[in-house]
Each structure stands twice: as C-alpha cells, then as structure tokens.
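So the chains spell out like this:
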Amino acid sequence: GENVEQHPSTLSVQEGDSAVIKCTYSDSASNYFPWYKQELGKRPQLIIDIRSNVGEKKDQRIAVTLNKTAKHFSLHITETQPEDSAVYFCAARGGKLIFGQGTELSVKP
Amino acid sequence: DTAVSQTPKYLVTQMGNDKSIKCEQNLGHDTMYWYKQDSKKFLKIMFSYNNKELIINETVPNRFSPKSPDKAHLNLHINSLELGDSAVYFCASSRSEEQPQHFGDGTRLSIL
C-alpha cells in the first residue's frame, strides 16, 4: 500500500547549523508534498509545500527539494534557531495524504 | 477567530463509555478530516468528507462514526471506548482534497 518513510526520527543540531530531513514515498501518482511543524502540545502547522511540477521551493530559511524519479523529497532548514525545535512531518498525496513518521528536531543554543 | 475549532480539548472517560468530539471550521472549506495521533506521534487519517459526503474511510473500527451535518462541521462519535483509543484526535479542513490542510488544536482523549 501507500507508504511514506521519513528519516531521521530524531535530529539534534547546534544553533546556526543546517538541518536536513528526508522522505521517500511509494505511490508514483503522488503529486503534492507538504511539510508540517508540530510544537509540543500544539497542532501541526503547514510550513512549506511543493507540487510535482516543481523541483525546488524556498521560503526564507526553509527549502524543499523533490526528485520524482527517485520518489524522494527533503526539507532543508538553514541557520537553525532554538524556536525551530519541534516535530516535523513530511506527507505525500496520491489518493490521500499519507504522513511520514515524524522527525524530532532539537536545536541547541 | 479560530479557523478550525474542536471541542472538547480534553476528554477523560471510562472504558466502555460513548463520547463525541465536535469540529467546526469557518474557512469555507469543502473538505474535512479526522486524524488520530498516537503516543508515538504518528498521524493517521481516519475519515475524510467532501461537501458532507464520505470520501475516505480507513480501516477504523465501526465503533467510530463520523457525522457531517453540513460542510462546516464534522463530528466524531465513538462507542464502547477501549484503552487503545487513548490518543490525540485532530480535525482538519482544506479547500479541496489537493489543497493544504488546516488543523484544529486537537482533542486529547484518555481512557481510564
């Protein structure tokens, strides 16, 4: 069935460093790839998304890349700050939106 | 104004009871969803409604019954609650199935 694998499950970086989270998906019909940030005890919030006709999208310190051939997409956060600490979820939509397992990002000051 | 609002925020109840969670969105969206987030943080789709019509019904026990009286509301009724139902339940909505989803604040359900 449809599946989204996300790595790593935990990621610890120093403030100012970059963080990269990677996801792979199984449904080749997937055409929409959002990323959500969930702070402790809060709701998931969309931070960036990309559609299958685009290879890369950037919004300030956040960028997402998509490789449709490899069925692989990644989230890049540059100049990380302590407030970036949260759980990040990738997702891929073919017939329905399937979420990855989440990455707990910790940014140490 | 909260865009997607769920009530109650917390729900503590005994095993075997029946309970409901309500969800309302004021965004004018056509599609609404229910997700379950377990203790390992995994977000799993349960149901999806488009304009009051059920479009996704995952392999959820039939003790869970969604109801959409209109496209701004999607409620979730759970019968005969079990320990394994303890989780955070999130409601979400989107303009269409291919548009970004907006989540509510979640309902933390604890079964004693």
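A. Region of the structure containing the overall build of chain B. The helix and strand tally for chain B stands at 0 helices and 11 strands. Counted from the first residue to the last, chain B has its helices and strands arranged as β-β-β-β-β-β-β-β-β-β-β. A compact globule built from 112 residues should have a C-alpha radius of gyration of about 13 Å, and chain B, at 13 Å, falls within 12% of that. When the 112 residues of chain B are sorted by exposure, 43% land in the buried category. Within chain B, contacts between residues at least 6 apart in sequence are counted, and of these 54% link residues at least 24 apart. When the accessible surface of chain B is split by element, carbon and sulfur atoms take 47% of a total near 5700 Å². In chain B, the 13 positive side-chain charges and the 13 negative ones have mean positions that sit 6 Å from each other.

B. Expanded view of the sheet that holds strand S7 (residues 64–70) of chain B. All names here are of chain B. Here we have 4 strands laid out as an open sheet, ordered S1-S3-S8-S7, and antiparallel in their pairing. A single partner strand is all that each edge strand has here, and the edge strands are strand S1 (4–7) and S7. Direction aside, neighbouring strands of the sheet carry axes that sit 20° apart on average. Pairing geometry for S1 and strand S3 (residues 19–25), over 4 bridges, is antiparallel. Of the residues in S3, the one forming a bridge with Thr7 is Lys22.

C. A look at the sheet that holds strand S8 (residues 72–77) of chain A. Residue and element names in this part refer to chain A. Here 5 strands make up an open sheet; going across it, the order is S1-S3-S8-S7-S6 and the pairing antiparallel. Where the open sheet ends on each side, the last strands, each with one partner, are strand S1 (4–7) and strand S6 (56–59). Along the sheet, successive strands turn relative to each other by an average axial angle of 15°, direction set aside. Bridge count for S1 against strand S3 (residues 19–25) is 4 bridges, and the pairing is antiparallel. Residue His7 lies in a different strand from S3, and its bridge partner there is Lys22.

Definitions and cut-offs
In this numbering scheme, every chain counts its residues from 1 along its sequence in written order. Chain letters and ligand numbers both follow the written order, the letters beginning at A and the numbers at 1. Note on the predicted model: pLDDT of at least 70 is required for a residue's local features to be given, and 80 or more for side-chain atom pairs to be given and counted; whole-chain, interface and lining totals, by contrast, use all residues. With hydrogens and water set aside, each side-chain value is computed from the structure's full complement of heavy atoms. Only DSSP runs of H or I covering at least 4 residues are called helices, and only runs of E covering at least 2 are called strands; the numbering of each starts at the N terminus. Restricting the calculation to C-alpha atoms gives the radius of gyration, and the globule rule supplies 2.2 Å times the number of residues raised to the power 0.38. The buried label applies to any residue whose accessible area, calculated with a 1.4 Å probe on protein chains only, is under 20% of its type's maximum; exposed applies above 50%, and partly exposed to all values in between. We call two residues in contact whenever any of their non-hydrogen atoms come within 4.5 Å of each other. Using the Shrake-Rupley algorithm and a 1.4 Å probe, accessible areas are obtained, with residue cover drawn only from the displayed protein chains. This count recognises Lys and Arg as positive and Asp and Glu as negative, with His and chain-terminal groups excluded. Here the site of a charge means NZ on Lys, CZ on Arg, CG on Asp, or CD on Glu. For two strands to pair, DSSP has to find at least two bridges joining them. Helix axes are fitted to C-alpha atoms over the stretch in contact, other axes to C-alpha atoms as well, and angles between N-to-C directions run from 0 to 180 degrees.

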